[in-house]
Protein chains: 2
Amino acid sequence: MDPAALLALVRDELAPDLGDGVVTTDADVVAAHSRDEALFCPDDGAVALVRARTVADVQATMRFASRHAVPVVPQGARTGLSGGANAVPGCLLLSVASMTRVLDLDPGERTITVEPGVINADLKEAVAEHGLSYPPDPGSVAISSIGGNVATNAGGLCCVKYGVTRDYVRALQVVLADGTLTTIGARTAKGVAGLDVRSLFVGSEGTLGIIVSITLRLVPLVPQPLTAVATFADERAGATTVSAFMAAGAQPSMLESLDRTSLQMLNAYGDFGLDAHAGAMLLIQSDGAGSREAALAEVETFTRHAEAQGALEVAFSDDAADSEALVAARRLAQTAYEHYARSHGGGQLLDDVCVPREQLPIFYERLDRIRTATGLTIAAVAHAGDGNLHPSIFFSTTDPDEVARARRAFDEIMQVGLELGGTITGEHGVGHLKRGWLARELDEGNRGIHRAVKAALDPLGILNPGTMFADL
Amino acid sequence: MDPAALLALVRDELAPDLGDGVVTTDADVVAAHSRDEALFCPDDGAVALVRARTVADVQATMRFASRHAVPVVPQGARTGLSGGANAVPGCLLLSVASMTRVLDLDPGERTITVEPGVINADLKEAVAEHGLSYPPDPGSVAISSIGGNVATNAGGLCCVKYGVTRDYVRALQVVLADGTLTTIGARTAKGVAGLDVRSLFVGSEGTLGIIVSITLRLVPLVPQPLTAVATFADERAGATTVSAFMAAGAQPSMLESLDRTSLQMLNAYGDFGLDAHAGAMLLIQSDGAGSREAALAEVETFTRHAEAQGALEVAFSDDAADSEALVAARRLAQTAYEHYARSHGGGQLLDDVCVPREQLPIFYERLDRIRTATGLTIAAVAHAGDGNLHPSIFFSTTDPDEVARARRAFDEIMQVGLELGGTITGEHGVGHLKRGWLARELDEGNRGIHRAVKAALDPLGILNPGTMFADL
């Protein structure tokens, strides 16, 4: 539809149907809400922003959009890293960021039901008072919302032991493309009545419907872990330690790695006491499911595996403050990357692939080859225990050749992920950024299923076009 | 299609396309393969049995079926309890029970890939040699196949700590209605490339495609648990113990209950040393994630909760043989039921509902009312820690009035499940048996999603008609 015509319809038909201040057509405000944190994704052309406060607001917006075949881009906190919340021409932005109520907290059944705009960290805090934990902890834990976490099936550092967002979703309320409100999944611990439609919506990135309430399973308070850190001469030794340790039956609650370049950037950013000569660092936590004895045994096993791979140094701590200090460097890697990028051309392209753990040493070799071939600086942190790697490619945003090489490196990293038996995205999602690559990962049968399901649930194709289905 | 015409097509077209002995049209053999373990489900009219040995056999059968719009009923070990593998008029039975190869076992990545006919217990044994466990343990563990476990999202006794089958499925190969072979899901620990089509097939009961290979996540060998048993004067005291114990943050690896009638039937069947006067028994195991100290502490917490509810007796054991003896009675409940049924009219109708744990005491009250209203004997075991109950209704198969009352009791149990915020099926599935009830649990929006997905993936409606979609 012509943008001017849509604008008139929004003002005459949609805005009066919603309350005061729910619809914004101010161009600056709309533009400011037109994207998430990803680079290289278009974000032009949104006509209006709907800040839904209620389920009814969402339903009215979708009924309007269906009536006039208007594209709708669902948005939460817009902290995503794949352009999954970016505007497309002639679209409505539909934000649920203001829907932040806790609807129900049931410590007996260990569930919480929230609106999608609740921030992950706030939810964690709310349940901790009841002796409960919600484990999923994406890097964006302090700023990302549960609705977005569910829509992208967000991961994090704890996944190696505690799983991903999907493993905690019991039931959802979703508004479908035509405005229908439906409840999917079951509140109970078990339930097999019908298809698992709930899981279909988890990770669907706003392409099948708008999630308006979420019932999550909680677990008893996760125990304080022991923390250990090991440094190595190179990434291969660290990666081999990871695969050998895990193959021996380890169940760490965290197992992260930083490569040589990441350590250098952290050292340049601040004094974290990191070995300037190390080629890799592993950071492990073990909570022993509450048993200090079990946690200690696991950390000792880790130490043996690290030493067998020639670790430069292994140290551990059972003091909570010390442990947090050890983890701080890992958590600040992205900040250190930004610090580096500011003085090196400004560009940082963050990738996200997942490979079988045993392929980690080979992945680092292949990453070195990509560094050589593109001549670019690439740093990599990894949720190593899951084989989930986040290489960051640095480049000058004003040098078209560097930009082209950065994009090539980004693609080659996905190609290596696929060649090693892995996936193009472990936890960040497809969005706009990787839509062209999804078709390379899914076989024709699976692409057909995707297209059929999308056509069945969104026959007009109005839900988040331009993202994962655009090139299928 | 006219059965004779189909029979001719099977002989002339399908049988030559498959190898010798793959297709059987012998009426006795076909009839013997026309049902699972459920009562009250029709099983007439199958024309032929295809015993697939390869993926190609399955593809050829589905291509044939699509070409001629012939209904196909997928079958595994036929140990299901909901009529999900029962024949419909004019159908082909497509069994994958002979596809029993282990295709890959990767101890480093902790995964196993198997064909669907592998028996659950055989898989457990195969991975135990590598220090790994596959936890899901439906009651049928010794006789049910992994394909059927995945197709029904089977549960079991361990779920209260270790989750259900879905939580272990990483990737599937499925043959679609038109014979297309596709791989869905990812082999890696994490993966969000596209929709979670894998979970859509888990629990789809053969209505969306034929599962021909399964990649499962494994976990390190589950530790030996401590076992405790507590008896109570009535079911309410036991049920209240369960909800209070779990609300206090317990993480037992098993938490089962037997009601008064079950205890009486077990005592009539054999000498298990069970208190003949007890009104309920709880059986708990705790593995403390490998820490004996943590397991002991949890069992002691259980003891305190049981005593607070006036337990008649609480006893525990840390000897593996003693523990197994304590669990034996629970495992033999179904055998004791069959023993009772043989001398009481022959009929046993097994139900399966799941409610929030806190509703368990109310559920038992409502069950008493159903006993009174129908005048029938009803015994109930439960995976109490999950709120998943299995009431068994006993009746005379030759007394039409008792049969009618039994079916009424069966329905009323589901109604109570729904009224208490639960589901009509926790783990046995919908199949033919509960197809009429599925529409009562799912709201109109969800039914619409079900119909749309089914129409998109099986446009001819040939996959397991007569089951979960029949009344949606």
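On a predicted model such as this, the values are computed, not experimentally measured, just so you know. By convention here, each chain's residues receive numbers from 1 onward along its written sequence. In the order they appear in the text, chains get letters beginning with A and ligands get numbers beginning with 1. This being a predicted model, a pLDDT of at least 70 is required before a residue's local features are given, and a value of 80 or more before pairs of side-chain atoms are given or counted; all residues contribute to the totals for chains, interfaces and linings. By convention in this description, side-chain values take in all heavy atoms of the structure and omit both hydrogens and water.

1. Brief notes about the relation of the copies chain B and chain A
Piece 1. The least-squares superposition of copies is restricted to C-alpha atoms, and to residues with a pLDDT of at least 70 in both copies. Each copy of the sequence occupies a distinct position, and chain B is placed on chain A by a rotation of 180 degrees and an axial shift of 0.0 Å, giving an RMSD of 0.0 Å. A rotation of that kind, with that shift, is consistent with a two-fold axis.
Piece 2. Note on contacts: a residue pair qualifies if any of its non-hydrogen atoms lie within 4.5 Å across the two residues. With an isologous cut-off of 70% or more, the 100% of interface residues of chain B that recur at the interface of chain A puts this contact in the isologous class.

2. Focus on the interface of chain B and chain A
Piece 1. Contacts between the two partners involve 80 residues from chain B and, on the opposite side, 80 residues from chain A.
Piece 2. Buried area is a sum: the accessible area each of two parts loses on coming together, probed at 1.4 Å, counted once for each and added. The contact between chain B and chain A buries some 5800 Å² in all, and 59% of this surface belongs to carbon and sulfur atoms.
Piece 3. Contact with chain A buries surface across chain B, with K190, V192 and L195 of chain B losing the most and accounting together for 15% of the total.
Piece 4. For this analysis, a salt bridge means a side-chain nitrogen from Lys or Arg found within 4 Å of a carboxyl oxygen belonging to Asp or Glu. Note that E427 of chain B is salt-bridged to K190 of chain A, the shortest N-O span being 2.7 Å.
Piece 5. Any pair of nitrogen or oxygen atoms within 3.5 Å is treated as a polar contact; in protein, a donor-acceptor pairing is required on top of that, and neighbouring residues in sequence qualify only through side-chain atoms on both sides. Our count for the contact surface shared by chain B and chain A stands at 31 residue pairs in polar contact (both at pLDDT 80 or more).
Piece 6. Strands are runs of DSSP state E lasting at least two residues, helices are runs of H or I lasting at least four, and both sets are numbered from the N terminus onward. In terms of residue count, the dominant contributor to the side of chain B that touches chain A is helix 16 (residues 444-457) of chain B (eight residues).
Piece 7. Split into classes, the residues belonging to the side of chain B that touches chain A amount to 34 nonpolar, 30 polar and 16 charged. Here the term charged refers only to Asp, Glu, Lys and Arg, the term nonpolar to Ala, Val, Leu, Ile, Met, Phe, Trp, Tyr, Cys and Pro, and the term polar to all other amino acids, Gly among them.

3. Describing the packing of helix 13 (residues 360-374) of chain A against helix 14 (residues 400-419) of chain A
The axes of two packed helices give the description: the angle between them and the distance between them.
All names here are of chain A.
Piece 1. Interaxial angle, 0 to 180 degrees, is taken between N-to-C directions of lines fitted to C-alpha atoms, where a helix line uses only the stretch in contact. The N-to-C vectors of helix 13 and helix 14 enclose an angle of 155 degrees; their axes lie 10 Å apart at closest approach. When the axis of helix 13 is compared with that of helix 14, the two are roughly antiparallel. Considering how the two elements wind past one another, helix 13 and helix 14 form a crossing that is right-handed. The residues of helix 14 that touch helix 13, namely those facing F363, R366, L367, I370, A373 and T374, are R405, R408, A409, E412, I413, V416 and E419.
Piece 2. Each residue belonging to the contact of helix 13 with helix 14 can be placed in one class, and the counts come to seven nonpolar, one polar and five charged. Between 65 and 115 degrees an angle is taken as roughly perpendicular, under 35 as roughly parallel, over 145 as roughly antiparallel, and anywhere else as oblique. Here is the rule for handedness: rotate from the far helix to the near one, and if that takes an anticlockwise turn smaller than a right angle the crossing is left-handed, while a clockwise turn gives right-handed.

4. Focus: the sheet that holds strand 10 (residues 210-217) of chain A
Residues and elements named next belong to chain A.
Piece 1. Two strands qualify as a pair provided that DSSP identifies no fewer than 2 bridges between them. Read across the open sheet, the five strands follow the order 5-6-10-8-9; overall the sheet is antiparallel. Looking at which strands have only one partner, the edges of the open sheet turn out to be strand 5 (102-106) and strand 9 (181-185). Adjacent strand axes in the sheet meet at a mean angle of 10 degrees when their direction is disregarded.
Piece 2. Of the strand pairs in this sheet, strand 8 (residues 169-175) and strand 9 are connected by five bridges, and their pairing is antiparallel. Along strand 9, the bridge assignment pairs L172 with I184.
Piece 3. Most of the contacts of helix 4 (residues 120-128) go to strand 6 (residues 111-114), to which it runs at about 140 degrees, and overall it touches strand 5, strand 6 and strand 10.

5. Observations concerning the domain arrangement of chain A
All names here are of chain A.
Piece 1. As annotated, the domain borders come from an automatic or database domain assignment. Domain annotation for chain A reports domain 1 (3-95), domain 2 (102-220) and domain 3 (226-419).
Piece 2. Just the C-alpha atoms count here: the centres of domain 1 and domain 2 sit 23 Å apart.
Piece 3. Interface of domain 1 and domain 2: buried area, both sides summed, is about 1100 Å²; carbon and sulfur atoms make up 67% of it.
Piece 4. For the pair domain 1 and domain 2, the number of links is zero salt bridges.
Piece 5. Here domain 1 is connected to domain 2 by three residue pairs in polar contact (both at pLDDT 80 or more).
Piece 6. For the side of domain 1 that touches domain 2, the element with the highest residue contribution is helix 3 (residues 55-68), accounting for six residues.
Piece 7. Looking at the side of domain 1 that touches domain 2 residue by residue, the class counts come to six nonpolar, four polar and one charged.

6. Considerations on the environment of V70 of chain B
All names here are of chain B.
Piece 1. Along the chain, the position of V70 falls in the loop between helix 3 (55-68) and strand 3 (72-75).
Piece 2. The buried label goes to any residue with under 20% of its type's maximum accessible area, the exposed label to any with over 50%, and the partly exposed label to all in between, with areas taken from a 1.4 Å probe on protein chains only. Among the residues examined, V70 registers a relative accessible area of 1% and is labelled buried.
Piece 3. Residues V70 and L463 lie 393 residues apart in sequence; the distance between their C-alpha atoms is 8.9 Å.
Piece 4. Setting aside residues up to four positions removed in sequence, V70 forms contacts with M1, L6, F64, A65, G90, L92 and I462.

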